[in-house]
Amino acid sequence: MSQWIYFFDLCGTAVFALSGALAAGKHRMDPFGVIVLASVTAIGGGSIRDALLGTTPVFWITNHNYIIVILATVLACLVLVRKPHKLPQMTLPVADAFGLALFTVIGAEKALLLGHSGMIAVVMGLITGVGGGIIRDLLCRQVPMVLRTEIYATASIIGGICYTLSLLSGMDSMTSMFLAMLSTLIIRLSAIRWHLSLPAFDLKTKRH
Amino acid sequence: MSQWIYFFDLCGTAVFALSGALAAGKHRMDPFGVIVLASVTAIGGGSIRDALLGTTPVFWITNHNYIIVILATVLACLVLVRKPHKLPQMTLPVADAFGLALFTVIGAEKALLLGHSGMIAVVMGLITGVGGGIIRDLLCRQVPMVLRTEIYATASIIGGICYTLSLLSGMDSMTSMFLAMLSTLIIRLSAIRWHLSLPAFDLKTKRH
Amino acid sequence: MSQWIYFFDLCGTAVFALSGALAAGKHRMDPFGVIVLASVTAIGGGSIRDALLGTTPVFWITNHNYIIVILATVLACLVLVRKPHKLPQMTLPVADAFGLALFTVIGAEKALLLGHSGMIAVVMGLITGVGGGIIRDLLCRQVPMVLRTEIYATASIIGGICYTLSLLSGMDSMTSMFLAMLSTLIIRLSAIRWHLSLPAFDLKTKRH
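Residues numbered from 1 in each chain as written. Chains lettered and ligands numbered in written order. Predicted model: local features only at pLDDT ≥ 70, side-chain atom pairs only at ≥ 80, totals over all residues. Heavy atoms only, no water.

**Quick word on the overall build of chain A**
Inference 1: The helix and strand inventory of chain A stands at eight helices and zero strands.
Inference 2: Ordered by position from N to C terminus, the α and β elements of chain A give α-α-α-α-α-α-α-α.
Inference 3: In summary, chain A has a C-alpha radius of gyration of 17 Å against a globular reference of 17 Å for 208 residues, a match within 12%.
Inference 4: Based on the C-alpha atoms only, the size of chain A along its principal axes is roughly 55 × 50 × 30 Å.
Inference 5: Sorting the 208 residues of chain A into buried and exposed places 57% on the buried side.
Inference 6: For chain A, the exposed area adds up to about 8,600 Å²; of that, 68% sits on carbon and sulfur atoms. (Helix = DSSP H or I, 4+ residues; strand = E, 2+ residues; numbered from the N terminus. Rg over C-alpha atoms; globule rule 2.2 N^0.38 Å. Buried < 20%, exposed > 50% of the residue type's maximum accessible area, 1.4 Å probe, protein only. Areas by Shrake-Rupley, 256 points an atom, 1.4 Å probe, with all protein chains shown as cover.)

In structure tokens form, the structure reads like this:
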């Protein structure tokens, strides 16, 4: 079972590295800049989680496979993705959604394994899921996705709650994981597809 | 006595959560986005402080009351603050000033309790006081308050020095705290009220 | 030998503090704001490195000399640098290049001392070298240097690889250090001088 978590973790690393590399390509960065942006996107959230939890050295220092996955993803991206107009417009948001779903579960799982409460598990899932993307967007001077009215943090929080509740209700770890990932993914992809959004908290000065 | 510190800490958490929620409202974020921004503003500075000091897991992981205070503040804010034009223009800066004063003392106190020097106490007060606000402003793509010529970091540093010196001169902890908070608050509120600023270090290319 | 590392570390701290102070001057910040920006630039990268490695409290908490060097640099900068038009245009990038070279080696050295692999050493050199500058640029709302096509992260990565390979090939620590610093410095200064850049990974939508 824990092998599956590890496999999902590496998959999430790859898709977030891809999302970072694609963002780098939109800003015309050089290959090493692409590596930097892909890396902070892929391991930024987990690093913040580990630093806050105190499980240092953080995960990618003790296990080189994360960096190797990132380097391989960037290399593949640099070689294969050279025709921008052939790249579907939705590639980046969809890759990001998969990463969000995978990392939310990984983060919540880690907090629970360390004996923390369900509430902290949800928060750690959120930090792992959205942390890397926030750093990527900050570095690219984009409005962080989490700031927009699109359902983003929401998808991660609901996924985390779903995972914690499933475990509490006696489901086995594997089913809980798939359920949580699926719910995050469905919510986020629906939001992308139909431009769904929750009602905004709006304090903007009205023009009248 | 330490109960007072704890009470102040929760108060500071509430006012900074409010300042984060109000900033979120100005950017038309959805409710979960509001929670995220309120949280990083309220516990961002303290989290950086704890990660640097190595007192991990950071404070809000081992004590759920901080997250509960943030959620309650956000909920109250979402329900009560719906008429932007009825909200005084100065609400955000003033809430921020109170948070700055409270967190400066909390941060300095924590460093001293761990046996660090007065200089480190002042720095930790500053990090706790301005850290959350800097992350909030970065995420909202605002120029961080600390970057502007208004007296901001200055108020925190003077408050921290005031606290450390008061303790060293033999005052009891409670008096030192109130003195430090009061000085930070007076300096910051005066700066807001009368647009005070220290002479800027100006290297801008002159037009002549 | 380790005294030399310490000396280089303080030099790197001074030049990065200078680069932060100069950036602050371009944004017309007040003296305490200058201290804050100089500090995060000088010790930001190393703090992230230590937090990730788990060697907390981070280096500048247990050794006050770093903060003293920063304060002295800022004071000197505030007193001496008052004529912007007399300041050569390249001062900031060149100071930054020296800091990059010094901190890359310091970071890699620290990782190796802790028993981590050469790959982690290169990454830690990169984080130490570019971390502070990225925070500085984020706070100043500049496009981080690392994002531009100029050779920046590249210089640090090559310096780190050069250091690790030199040590592995049996060179003594001192020679490896100088070699690594020199290679980083030459690459970065050449890039500044002749506007060199690697071919960009370009996914920008073509206008055609």
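Once you've had a look at it, read on.
**Topic: the relation of the copies chain B and chain A**
The two chain copies are connected by a rotation around an axis plus a translation along it.
Inference 1: Between the two copies, chain B and chain A, the superposition gives an RMSD of 0.0 Å; the rotation angle is 120° and the shift along the axis is 0.0 Å. Such a turn and shift between the copies fits a three-fold axis. Ranked by how close their C-alpha atoms come to the rotation axis, the residues of chain B are headed by Ala51 of chain B, at 3.6 Å.
Inference 2: The overlap is low: 6% of the interface residues of chain B also sit at the interface in chain A, so different surfaces are used on the two sides. (Least-squares fit on C-alpha atoms with pLDDT ≥ 70 in both. Contact = heavy atoms within 4.5 Å.)

**Topic: the packing of aromatic side chains**
Inference 1: Under the criterion given, the structure shown has 15 aromatic pairs over all chains.
Inference 2: On the numbers, 5.7 Å between centres and 90° between planes, the contact of Phe8 of chain A with Phe178 of chain A is edge-to-face. Taken as a pair, Phe8 of chain A in helix H1 (residues 2-26) and Phe178 of chain A in helix H8 (residues 173-194) lie far apart in primary sequence, 170 residues in all.
Inference 3: Assessed through its relative accessible area of 43%, Phe178 of chain A is described here as partly exposed.
Inference 4: Summarising the aromatic geometry, the rings of Phe16 of chain B and Phe103 of chain B are spaced 5.1 Å apart at their centres and angled 40° between planes, so their arrangement reads as tilted. Remark: Phe103 of chain B occurs in helix H5 (residues 91-113) and Phe16 of chain B occurs in helix H1 (residues 2-26); sequence separation between them is 87 residues.
Inference 5: Grouping aromatic residues by their ring pairs yields a cluster made of Tyr6, Phe59 and Tyr66 of chain A. (Phe/Tyr/Trp six-rings, centres within 6.5 Å; stacked < 30°, edge-to-face > 60°.)

**Quick word on the UniProt feature "transmembrane region" (unreviewed entry) in chain A**
Inference 1: This chain's UniProt record puts "transmembrane region" (unreviewed entry) on residues 6-25, 32-52, 64-81, 119-139 and 151-171 of chain A.
Inference 2: The span residues 119-139 of chain A shows a helical share of 100% and a strand share of 0%, and its end C-alpha atoms are spaced 30 Å apart. (UniProt positions renumbered as here; feature names shortened; annotations may be inferred.)

**Considering the pattern of salt bridges**
Inference 1: Counted according to the given criterion, the structure contains twelve salt bridges over all chains.
Inference 2: Between Lys110 of chain B and Asp50 of chain B there is a salt bridge, with the nearest N and O atoms lying 3.1 Å from each other. Of this pair, Lys110 of chain B sits in helix H5 while Asp50 of chain B sits in helix H2 (residues 31-53), and the two are 60 residues apart along the sequence.
Inference 3: According to the relative accessible area criterion, Asp50 of chain B is buried, its value standing at 0%.
Inference 4: Taken together, the salt bridges that share partners define one network made up of Arg49, Asp50 and Lys110 of chain A. (Salt bridge = Lys/Arg side-chain N within 4 Å of Asp/Glu carboxyl O.)

**Description of the packing of H1 of chain A against H8 of chain A**
Residue and element names in this part refer to chain A.
Inference 1: Relative orientation of the contacting elements H1 and H8 amounts to 25°, with a least axis distance of 11 Å. Classified by the angle their axes make, H1 and H8 are roughly parallel. Here H1 and H8 pass one another in a crossing that is left-handed. The segment H1 lies against H8, with Trp4, Ile5 and Phe8 engaging Met174, Met177, Phe178 and Met181.
Inference 2: Partitioning the contact of H1 with H8 into residue classes produces seven nonpolar, no polar and no charged. (Axes fitted to C-alpha atoms, helices over the stretch in contact; angles between N-to-C directions. Parallel < 35°, antiparallel > 145°, perpendicular 65-115°, else oblique. Left-handed = near helix turned anticlockwise from the far one by under 90°. Nonpolar A, V, L, I, M, F, W, Y, C, P; charged D, E, K, R; others polar.)

**Things to note about the interface of chain C and chain A**
Inference 1: Residue-level contacts link 33 residues of chain C with 32 residues of chain A.
Inference 2: Taken together, both faces of the contact between chain C and chain A bury some 2,900 Å²; the carbon and sulfur share is 73%.
Inference 3: At the junction of chain C with chain A, the criterion picks out zero salt bridges.
Inference 4: Seen at the junction of chain C and chain A, the total is three residue pairs in polar contact (both at pLDDT 80 or more).
Inference 5: For the side of chain C that touches chain A, the secondary-structure elements that each account for two or more residues are helix H2 (31-53), helix H6 (118-139) and helix H7 (153-168) of chain C. (Buried area = accessible area lost by both parts, 1.4 Å probe. Polar contact = N/O pair within 3.5 Å; in protein donor to acceptor, adjacent residues only side chain to side chain.)

**Brief notes about unusual backbone geometry**
Inference 1: For the bond running from Thr56 of chain B to Pro57 of chain B, omega is 0°, close enough to zero to count as cis.
Inference 2: Unusually for a residue other than glycine, His195 of chain A sits at a positive phi of about 50°.
Inference 3: Its location among the elements puts His195 of chain A in the segment after H8.

**A look at the UniProt feature "domain: Glycine transporter" (unreviewed entry) in chain A**
Inference 1: In this structure's numbering, the residues bearing the UniProt feature "domain: Glycine transporter" (unreviewed entry) are residues 7-80 and 94-165 of chain A.
Inference 2: A distance of 24 Å separates the end C-alpha atoms of residues 7-80 of chain A, which is 85% helix and 0% strand.

**Re the nonpolar core**
Inference 1: Counting residues in each nonpolar core, the largest one holds 209 residues, and the members touching the most others are Trp60 and Met124 of chain A, Trp60 and Met124 of chain B together with Trp60 and Met124 of chain C.
Inference 2: In contact with Met124 of chain B, not counting residues within four places along its chain, are Arg49, Leu52, Leu53, Gly107, Ala108 and Ala111 of chain B together with Trp60 and Ile61 of chain C. (Core = buried A, V, L, I, M, F, W, Y, C linked by side-chain atoms within 4.5 Å.)

**What to know about H7 of chain C**
Inference 1: When the terminal C-alpha atoms of H7 of chain C are compared, their 23 Å separation across 16 residues agrees well with the 22 Å that a helix rising 1.5 Å per residue should span.
Inference 2: Restricting attention to buried positions, one finds in H7 of chain C the residues Ala153, Thr154, Ala155, Ser156, Ile157, Gly159, Gly160, Cys162, Tyr163, Thr164 and Ser166 of chain C.
Inference 3: Those residues of H7 of chain C that are buried are in contact with helix H2 (31-53) of chain A together with helix H5 (91-113), H6 and helix H8 (173-194) of chain C.
Inference 4: One or two steps after H7 of chain C, the chain reaches Gly170 of chain C, where phi turns positive at roughly 95°. (Expected span 1.5 Å × (residues − 1).)

**Let's talk about the interface of chain B and chain A**
Inference 1: If you look at the interface, chain B gives 32 residues, while chain A gives 33 residues.
Inference 2: Interface of chain B and chain A: buried area, both sides summed, is about 3,000 Å²; carbon and sulfur atoms make up 73% of it.
Inference 3: Considering only the surface of chain B that becomes buried against chain A, Arg28, Phe32 and Leu139 of chain B emerge as the three largest contributors, covering 20% of it.
Inference 4: Counting every contact that joins chain B to chain A gives zero salt bridges.
Inference 5: Here chain B and chain A share three residue pairs in polar contact (both at pLDDT 80 or more) between them.
Inference 6: Residue assignment for the side of chain B that touches chain A shows that the elements contributing at least two residues are H1, H2, helix H3 (59-62), helix H4 (65-80) and helix H6 (118-139) of chain B.

**As for the relation of the copies chain C and chain A**
Inference 1: Once chain C has been moved 0.0 Å along the axis and rotated by 120°, it coincides with chain A to within an RMSD of 0.0 Å.
Inference 2: Taken as a fraction of all interface residues of chain C, those also at the interface in chain A reach only 6%, which identifies the copy contact as different-surface.

**A closer look at the environment of Thr41 of chain A**
Residues and elements named next belong to chain A.
Inference 1: By the element assignment, Thr41 lies in helix H2.
Inference 2: Separated by 92 residues in sequence, Thr41 and Gly133 place their C-alpha atoms 5.4 Å apart.
Inference 3: At a separation of 2.6 Å, a polar atom in the side chain of Thr41 contacts the main-chain carbonyl oxygen of Leu37.

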